[in-house]
Amino acid sequence: MEGTFYVQAIGLRPKVHVTADGSGVVGHAGARLLTDLADATGLTAAYSAALRPLRPRGTGHDPGRVATDLAVTIADGGEAIADLAVLRDQAGVFGPVASTPTAWRLLADTDEAALASLRAARGSAREVAWMQAAETGQGIPAARAGGRELPGLVLDLDATLVTCHSEKEQAAPTYKGGFGFHPLLCFLANTGEAVSGRLRSGNSGANTAADHIAVLDQALAQIPDAHRHGTDILIRADGAGSAKAFLAHVRELRKRGIRTFFSVGYAITEPVRHAVRSMPDRLWHPALDQDGTLRDGAEVAGLTGMVDLGGYPAGTRIIVRRERPHPGAQLSLFDQDEGLRHQVFLTDTPYSGGGSAQFLEVRHRGHATVQDHIRCGKTTGFGRFPSRNFAVNAVWLELSLTAIDLLVWTRVLLLDGELATAEPKKLRYRLLHVAARLTRGGRRLRLRISATWPWRNELATAFHRLAALPRPTG
C-alpha cells in the first residue's frame, strides 16, 4: 500500500549493568609480549647497565627497567608519561612499574652521556634480535625495487615536522608556517627499524650536511658488526641529502671498510632544465613500477655528462624521470611548461652489475616508503613531545625509536602472514590491547585470552615463539 513502510526488526543488544569492582581481568594484556621481548633481546639488561650511574644508592626502581617500561608504553600507543598507569595498575601481569614522577626524573636526569649509552644499548639488543632472526630461519629480509631484491641493507633518511601546541624549548616556526620541531630520522628499509634520529628546532635547515652526517653515523653504529662490514649499504635521501659534504662523507666511509653507496634527490636547476630539453626522445626509456612492470606514462633518461657535477664524488651519475602528472600534483613552472612532472636524483652506483637508469630510478623511488615509517612513528611516540625541556624530549625521541624497534622485532620474530607486515595501529587493535583473565593454579600464573577473540591463536602462538627464542648469554 502506498505510503506504508515495512521495517525489519533489529535485534536488541543484551542489557548490561556496569560496575567497577572486577578482579582478575587484565587490559592491554598483549603488551606483555613487548616487555618479554625486551627481556629476550637483552634490551632491558642493556638499559639497566647503561643507566646504572643514575641509581647510585641501588634503591628504588631500576632506571633501565623504567626506560623499558616507557618504551613499551609508547609502543602500546601511549602518548604521555602518565600513560605508564596502564602497566602500573596491572602489577599482576607487568610487575612493579615506576610512578609518573619517577619516570619524569629519569628523563630529566638522562644527560648526553647517558643518552649515548641508551643508543649503544639499543644497538646491542638489535644484534641479539638479528641473531635470533637468523637462528629461527627468518633472517633480515631484503628490500625490494622493480621486482628485484636489493643486495645488502638500505637506509632511508628524511626529516619531518612535528607541531607543538605550546611553547617548548627550541620549538620554532617551520618553513611551512607551523610551529614546533624538525627532527631528522633514519629507518632501515629492509625491516622498518628506526635506527637513528636527531631532534632539531623547527627552523633547522632541511639540507644541513652536519645533521645528515650525525644521523647516518648513529644509524651505522646501530647495525651489527657482521652486517656493517662486508655488506652493501645504500643510503637514500631526498634533495636535502644532496649536500656535497654529506655525499663526500658517504664515500669516505668506504675507507673504514663500510661499503656505502648513495641515491639522493637533486634540485632541478637551469643546467638540468637545459639538459632535459636537449635530450633526444630516442634516449628516453620506459620507467618501471615497483613490481618490475612498465610504468604507464613515465620515462627515464641519464643526464650524466650533460650537467656539471664538479665537487661531487667521482663516478656520480645524474638521472631524471618524467611522467604525466597525476591530478593535484604540485608542479614547478618548468613542469607546467613541459606538461610533465620531472624528478632528478644522483647516485654513485655504477652501470656494471645491473645499475641501469631504469632500475636505479625505481630503486630511488622506493625511498618514498620512509614516509609510511614516519607516519607510523608519529603514532609511536614522536608525534608529540611531553616536556618543555629540549633534553627531556630528546630522550623521549630515543625511547620512541626503541618502541618502533620492539614492534618491528615482534613482527619479524613472532608473527606470520598479515600481522607480520601490519602497521602499529593494527597490531595494537588485534594483539596488544586484548583483554584477558589472570588466574593462578598449579604454581603457575596464567593469562587466559578470550576463546572468542578473533586473533587469540596468533597471540598465543607469538607468546610460544617468544618463549622458544634463544637467549643471549652473560
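Residues numbered from 1 in each chain as written. Predicted model: local features only at pLDDT ≥ 70, side-chain atom pairs only at ≥ 80, totals over all residues. Heavy atoms only, no water.

(A) Layout of the overall build of the protein. If you tally the helices and strands in the protein, you get 17 helices and 17 strands. The C-alpha radius of gyration computed for the protein amounts to 25 Å, which stays within 12% of the reference 23 Å derived for 474 residues, consistent with globular compactness. Dimensions of the protein along its principal axes, counting C-alpha atoms only, are 85 × 80 × 50 Å. Contacts spanning at least 24 positions in sequence make up 68% of the contacts within the protein whose residues lie at least 6 apart. (Helix = DSSP H or I, 4+ residues; strand = E, 2+ residues; numbered from the N terminus. Rg over C-alpha atoms; globule rule 2.2 N^0.38 Å. Contact = heavy atoms within 4.5 Å.)

(B) How the structure looks around the sheet that holds strand β7 (residues 179–181). Reading across the sheet, the three strands line up as β5-β7-β6 and stay open at both edges, with antiparallel pairing between neighbours. Across the chains shown, the open sheet's two edge strands, defined by having one partner strand only, are β5 (162–163) and β6 (172–173). (Pairing = 2+ DSSP bridges.)

(C) Local environment of the pairing of strand β10 (residues 232–237). Burial of β10 is extensive: five of the six residues sit out of reach of the surface. In terms of strand pairing, strand β4 (residues 153–159) meets β10 through four bridges, oriented parallel. Among the inter-strand pairings, L153 is bridged to a residue of β10, identified as I233. Where β10 lies against strand β11 (residues 259–266), six bridges are found, and the strand directions are parallel. (Buried < 20%, exposed > 50% of the residue type's maximum accessible area, 1.4 Å probe, protein only.)

(D) Representation of the sheet that holds strand β16 (residues 436–441) within the structure. In space, the three strands of this open sheet follow the order β1-β16-β17, with antiparallel pairing throughout. Bordering the open sheet on either side are β1 (25–26) and β17 (444–449), each of which pairs with just one other strand. Sheet topology places β1 next to β16; two bridges connect them, and they run antiparallel. Within β16, the position partnered with V26 by the bridge is A436.

(E) Local environment of the pairing of β16. In terms of strand pairing, β16 meets β17 through six bridges, oriented antiparallel. Residue pairing in the sheet places R437 in a bridge with R448 of β17. Counting the residues between successive antiparallel strands, the hairpin from β16 to β17 contains two residues, one of them, G442, with a positive phi of roughly 60 degrees.

(F) Broad picture of the packing of helix α1 (residues 32–40) against helix α17 (residues 456–468). Closest axis-to-axis distance for the α1/α17 pair is 10 Å, and the angle between their directions is 15 degrees. When the axes of α1 and α17 are compared, the pair comes out roughly parallel. Where α1 crosses over α17, the handedness of that crossing is left-handed. Of the residues in α17, those touching α1 at R32, L33, D36, L37 and A40 are L459, A462, F463 and L466. The class makeup of the residues in the contact of α1 with α17 is seven nonpolar, no polar and two charged. (Axes fitted to C-alpha atoms, helices over the stretch in contact; angles between N-to-C directions. Parallel < 35°, antiparallel > 145°, perpendicular 65-115°, else oblique. Left-handed = near helix turned anticlockwise from the far one by under 90°. Nonpolar A, V, L, I, M, F, W, Y, C, P; charged D, E, K, R; others polar.)

(G) Looking closely at the packing of helix α7 (residues 112–135) against helix α15 (residues 390–414). Relative to each other, α7 and α15 sit at 5 degrees, their axes nearing to 11 Å. Between α7 and α15, the crossing angle belongs to the class labelled roughly parallel. Side by side, α7 and α15 meet where L115, L118, R119, R122, A125, R126, A129, Q132 and A133 of the first sit next to A394, V395, E398, L401, T402, D405, W409, V412 and L413 of the second. Taken together, the residues that form the contact of α7 with α15 break down as 11 nonpolar, two polar and five charged.

(H) Broad picture of empty space enclosed by the protein. For the structure shown, the criterion picks out one cavity of 30 Å³ or more. Size it by volume and the largest cavity reaches roughly 40 Å³. Every residue along the wall of the largest cavity is listed here: A129, W130, A133, I140, T191, E193, V408, W409, V412 and L413. At the level of elements, α7 and α15 are the ones that each hand at least two residues to the lining of the largest cavity. For the lining of the largest cavity, a count of residues per class yields eight nonpolar, one polar and one charged. (1 Å grid on protein atoms, 1.4 Å probe; cavity = no way out; pocket = protein on both sides within 12 Å on 5 of 7 lines; lining within 4 Å. Points joined across faces, edges and corners; volume = space filled by probe spheres on them.)

(I) Layout of α17. Look at α17: 19 Å from first C-alpha to last across 13 residues, which is about the 18 Å you get at 1.5 Å a residue. Buried residues of α17: L459, A462, F463 and L466, and no others. Across the axial projection of α17, the buried residues extend over an arc of 95 degrees, all falling on one side. Looking at α17, the residues exposed on the side facing more than 90 degrees away from the buried face are N457, H464 and A468. (Expected span 1.5 Å × (residues − 1). Arc of directions from axis to C-beta.)

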